[in-house]
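The residues making up each chain are set out below.
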Amino acid sequence: MGILQKFKQMFSTVPMLGWFLGILAAVLIEYFWGYDYISYYLGLPKIPVLFGALIMLKEPVMIPGALAYDLIVYVIPVLAVAKLSCFITNPGAALLEKLPLWLSAVIHLVCFYAILHLWAGINDYRVLVVKLTLVSIILTVSINVINGYQGEFSCSHPGFMALGAYVSSILTLVLFTNDKIFGTALLPPALGPYLFPLVLVVGGAAAAIGSLAVAIPSFRTRGDYLAIISLAFMFIVKSAVENLNIIGGARGMGGQPDLAPLPVIFFWTMLCIWVIHNFVTSILGKALNTVRDDEAAAESMTVKTRKTKMTAFMFGAFWAGVAGGLFAHVLTYINPGMFSINRLAEILAMVYFGGLNSIVGSIVGAVSINVLGEALRPLELFKWIIIPLILIFVMIFRPYGLISFTEINAKKLLEAKHKRQQGVSP
Amino acid sequence: MEPLIESFNYILQNIINALQRGSFYAVISIGYSMVYGVLMLFNFAHGDIFMVGTYIGFGIATLLLATFSGLVPPPVIFLATVVITMFLASWIGVFVEVAGYRPLRQAPRASAAITGLMIGIIFETTILIMLGAKRLSFPPLMETVNYHIGGIYITNVKAMIIIISLLLMLALHAFIQKTKWGMAMRAMSYDFLAVPLMGVSINIIAPLTFAVGAGLAAVAGILYGQAYPILDPYMGVLLGWKAFVAAILGGRGSIKGAALAGYLLGFIEIFVATVFPSTLRDFIAYSIILVILTFRPRGFFGMEHSTKLRL
């Protein structure tokens, strides 16, 4: 414990900017020398995609090589550069503190995106994993509004996702592509990227309107009826899509134009996090929390409980629809089977693993379940024993999830870290 | 007159089919409903307990048939299979309660639900790893005899499924109403917090509830294996969710309601499939459930609760 404490102390003066610089250095090392020198001399067949996890599990002989790769490419450069660049990054962060917070946050986000882009750009598999993880983040954060902040148990997220995915897919197929079913494009395909946000919003709106079918009956009373009504809704949507042959029925629908490259998805994810953070810290969000804790008391404090719950529910559904639209355009193929019980189990696992009532928790949950799922892929079936076991242990030891009831404090996150301050608050 | 009789027979035939299907749903959802009523948690592992129970039944049946076939009459083998399977499956239920749900008794209910979901996935995967993806077929425990009564066909298997389900439900009803254990369960479903103060140990009642539920699910599994003899590690998933629907539709903790809702589900599914294309089955079934819950939000026999449920 002593060593760990000392280690933490040593790096406590590194601001966020410094960590970014360190990771940038690591990614650049991987980008320029990763394949030609480092993995070649370590005897690895190619650059380890997810920190060597796949290689380690597939061929145990490669474990030392993969570990050495991680050490040389990631651990040492990140720590060294982050620590050594303190004398530049701390004044830099202090300079940024003088700017308005939003500008500082945007600059940090741009840096973050640049690093992510470089890291993912090394191969296509990474790009796909990053894209799907970002979509999962939107889903998890949006279900946290309902299952966490509102304190209900909703099972209809795959249904909302399906609504968003199908509505936005149909729109892009009708508007921007020459398709067998929907005929020639109504608008020039070049307009696609510009109108895509609109398409996503329409998809989200469809999901929000669909959510009324759940919200109107279930918020007339309290209790567990939301769970079953939302489950019924999910089955209804899936079954309806299966029976509509014009949109492919059970065979699914393909050929969506590739309108969702990494920057677009990143932008929407950040937008979603920002908007939902503002929502849950707004007066409406506080009202939602009082409704969760004690509905009768909230009612007597002039909170319009029904309206609050409906708004929050539609809001969560809207973002699930947007996530569905992005999901459809990442895979450029959807079928009703993608939006079934399995997806529900996955979404619930992500949100309860990460933590309720916390956006950071949702992000942690989405990223860890996605990355774990990918990294443990070589274990095939055993993966489905290990991941559930991890989740059960998390539930037993931290019943509200890993990080719960915590809000993002952007100012604290981005500020410069001086030695002087460390002494004041250990 | 002839077409009228024909169509009457057709309807009667479908009623028999619906009763058979409804019996499975009813027996499974009763187990679900008991846990839901007593401990107030969504036992999402129930469908997979049913699946494991079916596999245990398969193992016992194969073993007994291999050893005693020809030595004892088939009904004895059948009865022995049911009793042994029920006993073994009950321990699965107890295990789930002790390992998964007991540490989470003070936790939010949703966490327990997620644990149940994960236990279910572990069961599925374990079975898949142990037995492989090859589909097994349940051995018939008795010869199928086809009876032809006044225009409708009924096999002895079908009749047996319906009768045994009804008997099980009556037995359970007697257990709940007449025994001390049953009284403790009823009390616990009435007030979760006050009952432990009266000297009723929740650490006995909760595993007992799970054991009874799992035992019922296992019997349903054997009956299911007689009607649809293909075994599949994922067979419990959809049935589990349907049991969940039926349990809540029946009203919180109401055994009667769960059984009724189970039969209703069976009837809706069979009759939708006879009138509409069978692909619309889920769509119409769940739409009807949505409409019912809109007008009766507490389910069929649900009680009004003034306080918000513990979440």
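Quick caveat, the model's predicted, so the values are computed rather than measured.

### Looking at helix α4 (residues 63-84) of chain A
All names here are of chain A.
- Between the first and last C-alpha of α4 there are 30 Å, a value that for 22 residues agrees with the 32 Å anticipated at 1.5 Å per step.
- Of all the bends in α4, the greatest, near 40°, is centred on L71.
- Of all the positions in α4, only G65, A66, Y69, D70, V73, Y74, P77, V78 and A82 are classed as buried.
- Buried residues belonging to α4 abut α2 (16-41), α3 (53-58), α5 (86-98), α6 (101-120) and α7 (124-149).

### Regarding the domain arrangement of chain A
Residue and element names in this part refer to chain A.
- For chain A, the assigned domains are domain 1 (12-85) and domain 2 (121-411).
- Between the C-alpha centres of domain 1 and domain 2 there is a distance of 33 Å.
- Taken together, the contact between domain 1 and domain 2 spans eleven residues of the former and ten residues of the latter.
- With both chains or domains summed, domain 1 and domain 2 bury close to 940 Å², and 79% of this area falls on carbon and sulfur atoms.
- On the domain 1 side of the interface with domain 2, the three residues burying the most area are V49, L50 and L57, jointly 54% of the side's total.
- At the boundary of domain 1 with domain 2, the tally comes to one salt bridge.
- The interface formed by domain 1 and domain 2 holds four residue pairs in polar contact (both at pLDDT 80 or more) in total.
- If one sorts the elements of the side of domain 1 that touches domain 2 by residue count, α3 sits on top with four residues.
- For the side of domain 1 that touches domain 2, a count of residues per class yields nine nonpolar, no polar and two charged.

### Examining the pairing of strand β2 (residues 146-149) of chain B
All names here are of chain B.
- Pairing between β2 and strand β3 (residues 152-155): four bridges, direction antiparallel. The partner of I149 across the bridge, within β3, is I152.
- Counting the residues between successive antiparallel strands, the hairpin from β2 to β3 contains two residues, one of them, G150, with a positive phi of roughly 50°.

### Some remarks on a nonpolar patch on the surface
Residue and element names in this part refer to chain A.
- A cluster of nonpolar side chains, namely L28, Y31, F32, W33, Y37, Y40 and Y41, defines an oily patch on the protein surface of about 890 Å² accessible area.
- Topologically, W33 is positioned in helix α2.
- A residue is classified by how much of its surface remains accessible, and W33, at 47% relative accessible area, is partly exposed.

What counts and how
Throughout this document, residue positions are counted from 1 along each chain, in the order its sequence is written. Labels follow written order: the first chain is A, the first ligand is 1, and so on. Where totals are concerned, whole chains, interfaces and linings use all residues; where local detail is concerned, this predicted model gives features only for residues with pLDDT of at least 70, and gives and counts side-chain atom pairs only at 80 or more. Remark: hydrogens and water are excluded; side-chain values derive from all non-hydrogen atoms of the structure. A run of H or I in DSSP counts as a helix once it spans at least four residues, and a run of E counts as a strand once it spans at least two, with each numbered from the N terminus. To estimate how far a helix should extend, the number of its residues minus one is multiplied by 1.5 Å. What we call the bend at a residue is the angle made by axes fitted to the seven residues finishing there and the seven residues starting there. Under the scheme applied here, a residue whose accessible area is under 20% of the maximum for its type counts as buried, over 50% as exposed, and between as partly exposed, the area being computed with a 1.4 Å probe on protein chains only. Any pair of residues with heavy atoms lying within 4.5 Å of one another is described as a contacting pair. Domain delimitation in this document rests on an assignment produced automatically or drawn from a domain database. Values labelled buried area give the accessible surface lost by two parts on being combined, using a 1.4 Å probe and summing over both. The salt bridge definition used is simple: a Lys or Arg side-chain nitrogen within 4 Å of an Asp or Glu carboxyl oxygen. The definition of a polar contact used here is a pair of N or O atoms within 3.5 Å, where within protein one atom must be able to donate a hydrogen and the other to accept one, and adjacent residues in sequence count solely through side-chain atom pairs. In this count, Pro and Cys sit with the nonpolar residues alongside Ala, Val, Leu, Ile, Met, Phe, Trp and Tyr, while Asp, Glu, Lys and Arg are called charged and the others, Gly among them, polar. The criterion for strand pairing is that DSSP finds at least two bridges linking the strands in question. By definition, no residue in a patch forms a salt bridge, and every one has over 30% relative accessible area; like charges are joined within 9 Å, nonpolar side chains (Val, Leu, Ile, Met, Phe, Trp, Tyr) within 5 Å. Using the Shrake-Rupley algorithm and a 1.4 Å probe, accessible areas are obtained, with residue cover drawn only from the displayed protein chains.

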